[in-house]
Amino acid sequence: SDLSNCFRFGDARINRTLSAMTSGMEEYGLRKAFFAATVLVREPTEQEGKIRRALNKRAQELTESRNDLAHGAWYLGSSTGVEVDGEVVRQVSHEPKLFRHDGKLNEAPSDRSILTSREELAMLAQEAEDVALLVWAYISGLFTHRPGVPGVTDRLGFTDDGVLVRRDLTGWTPGDQA
């Protein structure tokens with residue numbers, strides 16, 4: 001069934017229902033509910049399904065990075081020894097570093113370096129922005145899919161190396177779907 005014809009955007013009944021259904025949910029449940037709900041709007045085509053799976057994967061990877069950031073161990077100063085001309089010289093860094101301590105019961109713990117520079121943090125922030133724009137393009141194409149309006153596959157596509165990206169809609173006309 002096509003639910004997009006049943007309710008208007010910003011419908012207060014929908015907003016109250018969604019708020020009641022999702023309050024207290026964590027990322028995994030919200031992400032699963034979001035992608036399940038998008039199928040109720042309209043059954044995805046094969047290409048839309050591929051886009052949907054890629055978007056879900058990017059969101060899941062971003063969540064894992066977010067969890068590492070939120071739950072990792074921050075070190076605000078570090079000191080290491082570096083050999084210079086046969087002598088060990090102490091190197092001090094005042095840059096914060098982020099590590100995640102992992103491990104399973106009865107296994108040796110492991111440490112993963114998460115962030116070691118501002119550039120890495122900026123890249124993570126850019127990925128969050130990119131995923132937000134991809135989600136927006138996806139729902140815009142899904143909920144406004146009618147003749148004369150760009151759909152999901154008009155708005156989103158894949159690079160030659162398989163990365164999900166937004167398409168440039170400059171000069172788009174109906175029938176341009178790639």
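Residues numbered from 1 in each chain as written. Predicted model: local features only at pLDDT ≥ 70, side-chain atom pairs only at ≥ 80, totals over all residues. Heavy atoms only, no water.

Enquirer: It is not clear to me how the overall build of the chain should be interpreted in this structure. Could you clarify?
Expert: For the chain, the count of helices and strands is 5 helices and 7 strands. Tracing the chain from N to C terminus, the helices and strands come up as α-α-α-β-β-β-β-β-α-α-β-β. In the chain, which comprises 178 residues, the proportion classed as buried is 25%. Here the contacts in the chain between residues at least 6 apart in sequence split such that 46% fall between residues at least 24 apart. When the accessible surface of the chain is split by element, carbon and sulfur atoms take 55% of a total near 12,500 Å². (Helix = DSSP H or I, 4+ residues; strand = E, 2+ residues; numbered from the N terminus. Buried < 20%, exposed > 50% of the residue type's maximum accessible area, 1.4 Å probe, protein only. Contact = heavy atoms within 4.5 Å. Areas by Shrake-Rupley, 256 points an atom, 1.4 Å probe, with all protein chains shown as cover.)

Enquirer: Can you help me understand the side chain of Arg52 in this one?
Expert: Along the chain, Arg52 falls in helix H3 (residues 46–71). It is Glu43 that comes nearest to the buried, bridge-free Arg52 among opposite-charge side chains, at 7.5 Å. In this structure the side chain of Arg52 is engaged in a polar contact, spanning 2.6 Å, whose partner is the backbone oxygen of Phe35. For Arg52, the contacting residues outside a window of four places in its chain are Phe35, Ala36, Thr38, Val39 and Tyr138. (Lys, Arg positive; Asp, Glu negative; His and termini not counted. Salt bridge = Lys/Arg side-chain N within 4 Å of Asp/Glu carboxyl O. Polar contact = N/O pair within 3.5 Å; in protein donor to acceptor, adjacent residues only side chain to side chain.)

Enquirer: Help me understand the packing of H3 against helix H4 (residues 118–143), please; the structure alone is not making it clear to me.
Expert: Helix packing geometry: the angle between the two helix axes and the distance between the axes. One way to put it is that H3 packs onto H4 with a least axis distance of 10 Å and a crossing angle of 150°. Considering the relative orientation of H3 and H4, their crossing is left-handed. Between H3 and H4, the contacting residues are Glu48, Ile51, Arg52, Leu55, Arg58, Ala59, Leu62, Ser65 and Leu69 on the first element and Leu121, Leu124, Glu127, Ala128, Asp130, Val131, Leu134, Val135 and Tyr138 on the second. Across the contact of H3 with H4, the residue classes break down as 12 nonpolar, 1 polar and 5 charged. (Axes fitted to C-alpha atoms, helices over the stretch in contact; angles between N-to-C directions. Left-handed = near helix turned anticlockwise from the far one by under 90°. Nonpolar A, V, L, I, M, F, W, Y, C, P; charged D, E, K, R; others polar.)

Enquirer: What is the right way to look at the environment of Gly162 in this model?
Expert: Summarising the element assignment, Gly162 is placed in the loop between strand E6 (156–158) and strand E7 (164–166). Since its relative accessible area comes to 46%, Gly162 is described here as partly exposed.

Enquirer: How do you make sense of the sheet that holds strand E4 (residues 97–102) when you look at a structure like this?
Expert: In a beta sheet, neighbouring strands pair by backbone hydrogen bonds and run either parallel or antiparallel. Taken in spatial order, the 3 strands make up an open sheet running E1-E4-E5, and their pairing is antiparallel. In this open sheet, the two strands that pair with only one neighbour each are strand E1 (73–75) and strand E5 (110–115). Taking the axes of each pair of neighbouring strands and ignoring which way they run, one obtains an average angle of 35° across the sheet. Relative to E5, E4 runs antiparallel, the two being bridged by 5 bridges. Bridge pairing in E5 links Leu98 to Leu115. Most of the contacts of H3 go to E4, to which it runs at about 100°, and overall it touches E1, E4 and E5. (Pairing = 2+ DSSP bridges.)

Enquirer: Any chance you could explain a nonpolar patch on the surface here in plain terms?
Expert: A cluster of nonpolar residues, Val82, Val84 and Val89, forms a patch on the protein surface that exposes about 180 Å² of accessible area. The class for Val89 is partly exposed, based on a relative accessible area of 33%. (Patch = residues over 30% accessible without salt bridge, like charges linked within 9 Å, V, L, I, M, F, W, Y side chains within 5 Å.)

Enquirer: Can you walk me through the confidence of the model for the chain in this structure?
Expert: Counting all residues, the mean pLDDT for the chain is 80, and 81% of those residues have values of 70 or more. Highest mean pLDDT in the chain belongs to E7 (96); lowest belongs to strand E2 (residues 78–84) (68). In the predicted structure, residues 1–7 sits below a pLDDT of 50 and forms 9 contacts with residues beyond four places in sequence or in another chain. (pLDDT = per-residue confidence, 0-100.)

Enquirer: Would you explain H3 in this entry?
Expert: A turn of α-helix holds 3.6 residues, and therefore any two residues three or four places apart point the same way. Between its first and last C-alpha atoms H3 spans 37 Å; for 26 residues at 1.5 Å apiece the expected length is 38 Å, and the two agree. Three or more residues of H3 are buried, namely Glu48, Gly49, Ile51, Arg52, Ala54, Leu55, Arg58, Ala59, Leu62, Thr63 and Asp68. (Expected span 1.5 Å × (residues − 1).)

Enquirer: Explanation requested: the nonpolar core in the structure shown.
Expert: Soluble globular proteins tend to pack their nonpolar side chains together in the buried interior. Ile51, Leu55, Tyr138, Val152, Leu156 and Leu164 are the most contacted members of the largest nonpolar core, which totals 13 residues. Elements supplying a minimum of two residues to this core: helix H2 (27–41), H3 and H4. With residues near it in sequence (within four places) discarded, Leu55 still touches Phe35, Val131, Leu134, Val135, Tyr138 and Leu164. (Core = buried A, V, L, I, M, F, W, Y, C linked by side-chain atoms within 4.5 Å.)

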